[in-house]
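Descriptive structure summary
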Amino acid sequence: MPDKDCDKDYCKNLSSGDARPACCSVTEMTQMVLPNDANILGNVLGGMVMHWVDLAAAIAARRFCGTPVVTASMDTLSFINPIPVGQVARLTARVTWCGRTSMEIRVDVEAEDLDRREVRPTSVAYLTFVSLDDKGRPTPVPRLILETEEEKQEFKAAEKRRAARLKLRKQTEPKQG
């Protein structure tokens, strides 16, 4: 998922409202899974993975828009494989979609077994973040430049996830009055 060809100097020199490619948001984090991070089976707690995912996504969102951000939702978080104590959790986050004031971030989580030198996927998550101005109000985000076919497909899929998210929100909103 990381884009090794992304020109970080280009990203640093963009003005706040300039459109930018997703590679300007790419965030990579690593965490060693320690015993205090684990459940009784010796694998990282799901809540700990959620915490790491939220942090990686927040950094990617802020990197992209250059303003403070808040988590608005987490659509999905799939747990595919466990990460045992002693292994490394590798998280990669990037912006996949932008609206007027919100962004969708995809976070991929992998487990790295340092002894066997093996890496396997463990989780995928999609989160929505809202960009805030200095008074804490939603503020516009830069337009996302789609550079690859994969980014275009992810953007279309994100639009479908957003429509489903808005439909669900409408169905589950508390009634007024």
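Provided above is the structure to which this section pertains.
Residues numbered from 1 in each chain as written. Predicted model: local features only at pLDDT ≥ 70, side-chain atom pairs only at ≥ 80, totals over all residues. Heavy atoms only, no water.

Notes on unusual backbone geometry
Glycine aside, the phi torsion of most residues is negative, and most peptide linkages are trans. A positive phi is found at Arg-117, a non-glycine position, where the angle reads about 55°. Tracing the chain through its elements places Arg-117 in the loop between strand 5 (102-113) and strand 6 (118-131). Looking at Arg-117, the relative accessible area reads 76%, which means it is exposed. (Helix = DSSP H or I, 4+ residues; strand = E, 2+ residues; numbered from the N terminus. Buried < 20%, exposed > 50% of the residue type's maximum accessible area, 1.4 Å probe, protein only.)

Notes on the pattern of salt bridges
In a structure, side chains of opposite charge can pair up when their charged atoms sit close to one another. By the definition in use, this model includes ten salt bridges. In this structure, the salt-bridge partner of Glu-154 is Arg-106, at a minimum N-O distance of 3.1 Å. Of this pair, Glu-154 sits in helix 3 (residues 149-172) while Arg-106 is found in strand 5, placing the two residues 48 residues apart along the sequence. Looking at Glu-154, the relative accessible area reads 15%, which means it is buried. Notably, a salt bridge pairs Glu-154 with Arg-161, separated by 2.9 Å at the nearest N-O pair. One salt-bridge network, in which partners are shared between bridges, spans Glu-104, Arg-106, Asp-108, Glu-154 and Arg-161. (Salt bridge = Lys/Arg side-chain N within 4 Å of Asp/Glu carboxyl O.)

Examining the packing of aromatic side chains
For the structure on display, the rule yields zero aromatic pairs. Over the aromatic face of Phe-64 sits the side chain of Arg-20, whose NZ or CZ is 5.9 Å from the ring centroid. The residue whose ring lies beneath Arg-161 is Tyr-126, and the NZ or CZ to ring-centre distance is 3.6 Å. (Phe/Tyr/Trp six-rings, centres within 6.5 Å; stacked < 30°, edge-to-face > 60°. Lys NZ or Arg CZ within 6 Å of the ring centre and 35° of its normal.)

Quick notes on helix 3
Helix length check: helix 3, at 24 residues, gives a terminal C-alpha distance of 35 Å against a target of 34 Å (1.5 Å per residue), a fit within 8%. Within helix 3 the residues assigned to the buried category are Glu-151, Glu-154, Phe-155, Ala-158, Arg-161 and Arg-165. Buried residues belonging to helix 3 abut strand 3 (69-79), strand 4 (88-98), strand 5, strand 6 and strand 7 (144-145). (Expected span 1.5 Å × (residues − 1). Contact = heavy atoms within 4.5 Å.)

Considerations on the side chain of Thr-128
As for its placement among the helices and strands, Thr-128 is situated in strand 6. On the basis of relative accessibility, which here comes to 6%, the residue Thr-128 falls in the buried class. A polar contact is formed between the side chain of Thr-128 and the side chain of Arg-165, at a distance of 3.4 Å. Residues contacting Thr-128, with those up to four places away along its chain left out, are Val-70, Thr-71, Ala-72, Ser-73, Ser-102, Met-103, Glu-104 and Arg-165. (Polar contact = N/O pair within 3.5 Å; in protein donor to acceptor, adjacent residues only side chain to side chain.)

Focus: helix 2 (residues 46-65)
Along an α-helix, residues three or four positions apart point the same way, because every turn accommodates 3.6 residues. In this model helix 2 runs 28 Å from its N-terminal to its C-terminal C-alpha over 20 residues, within 8% of the 28 Å that 1.5 Å per residue would give. Of all the positions in helix 2, only Val-49, Trp-52, Val-53, Ala-56, Ala-57, Ala-60, Ala-61, Phe-64 and Cys-65 are classed as buried. Where helix 2 terminates, the next one or two residues include Gly-66, which has phi positive at roughly 75°.

Quick look at the pairing of strand 4
Strand 4 sits mainly inside the fold: ten of its eleven residues count as buried. One ladder, built from six bridges, connects strand 2 (residues 27-32) with strand 4; its direction is antiparallel. Each bridged residue has a counterpart across the sheet, and for Gln-31 the counterpart in strand 4 is Ala-89. With ten bridges joining them, strand 4 and strand 5 adopt antiparallel strand pairing. (Pairing = 2+ DSSP bridges.)

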